[in-house]
Amino acid sequence: MQKKINNIVHKINTYLYRYFFKQKKTELIKPMLYGLLPGGKKVRSKILFDVGSIFNLDKKKIIQVAAAVECIHAYSLIHDDLPCMDNDNLRRGKLTTHKKFSESTAILAGNSLLTIAFQILSEKRLNLSDQKKIKLINLLAESSGHAGIAGGQFLDLSYEKIKKNKKQILDMQIKKTGKLFSFCCLAPVIMSGQTKYFNRLMKIGNEIGLLFQISDDLIDLRGKTSKAGKKTKKDLKMGKATLISLLGTDNTIKYAENLKLKIFKNLRIFGNRSRDFKETVNYILERTK
Ligand code: GRG
């Protein structure tokens, strides 16, 4: 599994370095690249590859879409670490972008990573019909904005130190984390034109996002800063609304195990073609960083 992920990391990093090398040489390139590379597990890209292989898609196209996703993801991490949000000094084992550069630079580098994601998806060299590209761009915009990552982050911050129920926590986490995973499950459906699988993969994507968020919360609770590459044991201190704070650790683990079974059940229709995907789901649940 780690070998497969390393292979994907290498492919995406190479694509992104080359892409950035071709950009106009501006002052923001350095902080953008700092927040983007190296580092990062590239789990979202792995999911894109896994679903891409279910639909037998060309890996070159998947790499380009994955590069766009990693730019959005890096943007969200840079902004998440800002003093006005989670105020963190460490990310991916190094100083956060605003600590390394400055707050305003981190905001602008983040904004530029957001827009470059759409630049990548609208490139001529992404060999898809214009109609498919527009669909991808539309879905990625929807997944990142007020009804997706940004909206989820808003809820996450406004729920601090307030008791929230399960429905509210799940809604916040599906937006904050699930929507980008959902995009990774749906992009290959759009690219392949096999739209009859849209709803099934949207559901799977949201659930994988939830699973990922639960494992992230467990790492925060039990993990070491040195291993995680970011400060752990923060959620409790900040009064974050998580499933762990509501249900307790044991029940949250049970919830996650159930979620995994649901995902596996929904993948059954794809038979052996979903083997890599299932491996990734197990990895998400068992990861320690
Ligand atoms: C609209 C994109 C966008 C951002 C603005 C700041 C913000 C709003 C959203 C924050 C979203 C956020 C940080 C969600 C948490 C998701 C999560 C568990 C991130 C950790 O992902 P990993 O572990 O990170 O995959 P690596 O470093 O491995 O890439």
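Going by the structure above, here's the rest.
So, a few notes on the structure that sits alongside this text. Treat the numbers as computed from the prediction; the structure is a model and nothing was measured.

**Some thoughts on the nonpolar core**
Stage number 1. Judged by nonpolar contacts, the single largest core of 87 residues is most densely connected at Phe20, Leu201 and Phe277.
Stage number 2. Apart from the residues within four sequence positions on either side, Phe277 is in contact with Ile47, Asp50, Val51, Ile54, Cys185, Leu201, Ile204, Ile208 and Leu267.

**As for the side chain of Asn266**
Stage number 1. Following the sequence through the fold, Asn266 ends up in helix 14 (residues 249–267).
Stage number 2. Judged by relative accessible area, Asn266 falls into the buried class, the value being 18%.

**Observations concerning the site of the ligand**
Stage number 1. Close to the ligand lie 22 residues, the nearest being Lys41, Arg44, His73, Arg92 and Ser144.
Stage number 2. Between the ligand and Lys41 there is a distance of 2.5 Å, counted from an oxygen atom to a side-chain nitrogen or oxygen.
Stage number 3. Here an oxygen atom of the ligand and a side-chain polar atom of His73 are 2.7 Å apart.
Stage number 4. Here the ligand, which alone exposes 750 Å², has 93% of that area covered by the protein.
Stage number 5. Secondary-structure elements contributing two or more residues to the shell around the ligand are helix 4 (59–80), helix 8 (149–158), helix 9 (166–192) and helix 10 (198–222).
Stage number 6. Counting residues per element, the shell around the ligand draws most heavily on helix 4, at seven residues.
Stage number 7. Of the residues that constitute the shell around the ligand, the class distribution is seven nonpolar, eight polar and seven charged.

**Quick look at the pattern of salt bridges**
Stage number 1. Across all of its chains, the model carries 15 salt bridges by this definition.
Stage number 2. Residue Arg91 is joined to Asp81 by a salt bridge in which the shortest nitrogen-to-oxygen separation is 2.9 Å. Of this pair, Arg91 sits in strand 1 (residues 90–91) while Asp81 sits in the loop between helix 4 and strand 1, and the two are ten residues apart along the sequence.
Stage number 3. A residue is classified by how much of its surface remains accessible, and Arg91, at 15% relative accessible area, is buried.
Stage number 4. Judged by its relative accessible area of 2%, Asp81 is buried.
Stage number 5. We note a salt bridge from Arg287 to Asp216, for which the minimum N-O separation is 3.3 Å. In this pair, Arg287 sits in the segment after helix 15 (275–286) while Asp216 sits in helix 10, placing the two residues 71 residues apart along the sequence.
Stage number 6. Each of Asp86, Asp156, Glu160, Lys176 and Lys240 takes part in salt bridges that share partners, so that together they form one network.

**Some details on empty space enclosed by the protein**
Stage number 1. Across all of its chains, the model carries one cavity of 30 Å³ or more by this definition.
Stage number 2. Of the volumes computed, that of the largest cavity is approximately 90 Å³.
Stage number 3. Taken together, Tyr34, Gly35, Ala74, Leu77, Ile78, Asp81, Arg91, Arg92, Lys94, Leu95, Thr96 and Thr97 make up the lining of the largest cavity.
Stage number 4. Of all the secondary-structure elements, those providing two or more residues to the lining of the largest cavity are helix 2 (29–36), helix 4 and strand 2 (94–95).
Stage number 5. Ranked by the residues each element gives to the lining of the largest cavity, the list is headed by helix 4, at three residues.
Stage number 6. Tallied by class, the residues present in the lining of the largest cavity amount to five nonpolar, three polar and four charged.

Basis of the calculations
- Residues numbered from 1 in each chain as written.
- Predicted model: local features only at pLDDT ≥ 70, side-chain atom pairs only at ≥ 80, totals over all residues.
- Heavy atoms only, no water.
- Core = buried A, V, L, I, M, F, W, Y, C linked by side-chain atoms within 4.5 Å.
- Buried < 20%, exposed > 50% of the residue type's maximum accessible area, 1.4 Å probe, protein only.
- Contact = heavy atoms within 4.5 Å.
- Helix = DSSP H or I, 4+ residues; strand = E, 2+ residues; numbered from the N terminus.
- Near = heavy atom within 4 Å.
- Polar contact = N/O pair within 3.5 Å; in protein donor to acceptor, adjacent residues only side chain to side chain.
- Areas by Shrake-Rupley, 256 points an atom, 1.4 Å probe, with all protein chains shown as cover.
- Nonpolar A, V, L, I, M, F, W, Y, C, P; charged D, E, K, R; others polar.
- Salt bridge = Lys/Arg side-chain N within 4 Å of Asp/Glu carboxyl O.
- 1 Å grid on protein atoms, 1.4 Å probe; cavity = no way out; pocket = protein on both sides within 12 Å on 5 of 7 lines; lining within 4 Å.
- Points joined across faces, edges and corners; volume = space filled by probe spheres on them.

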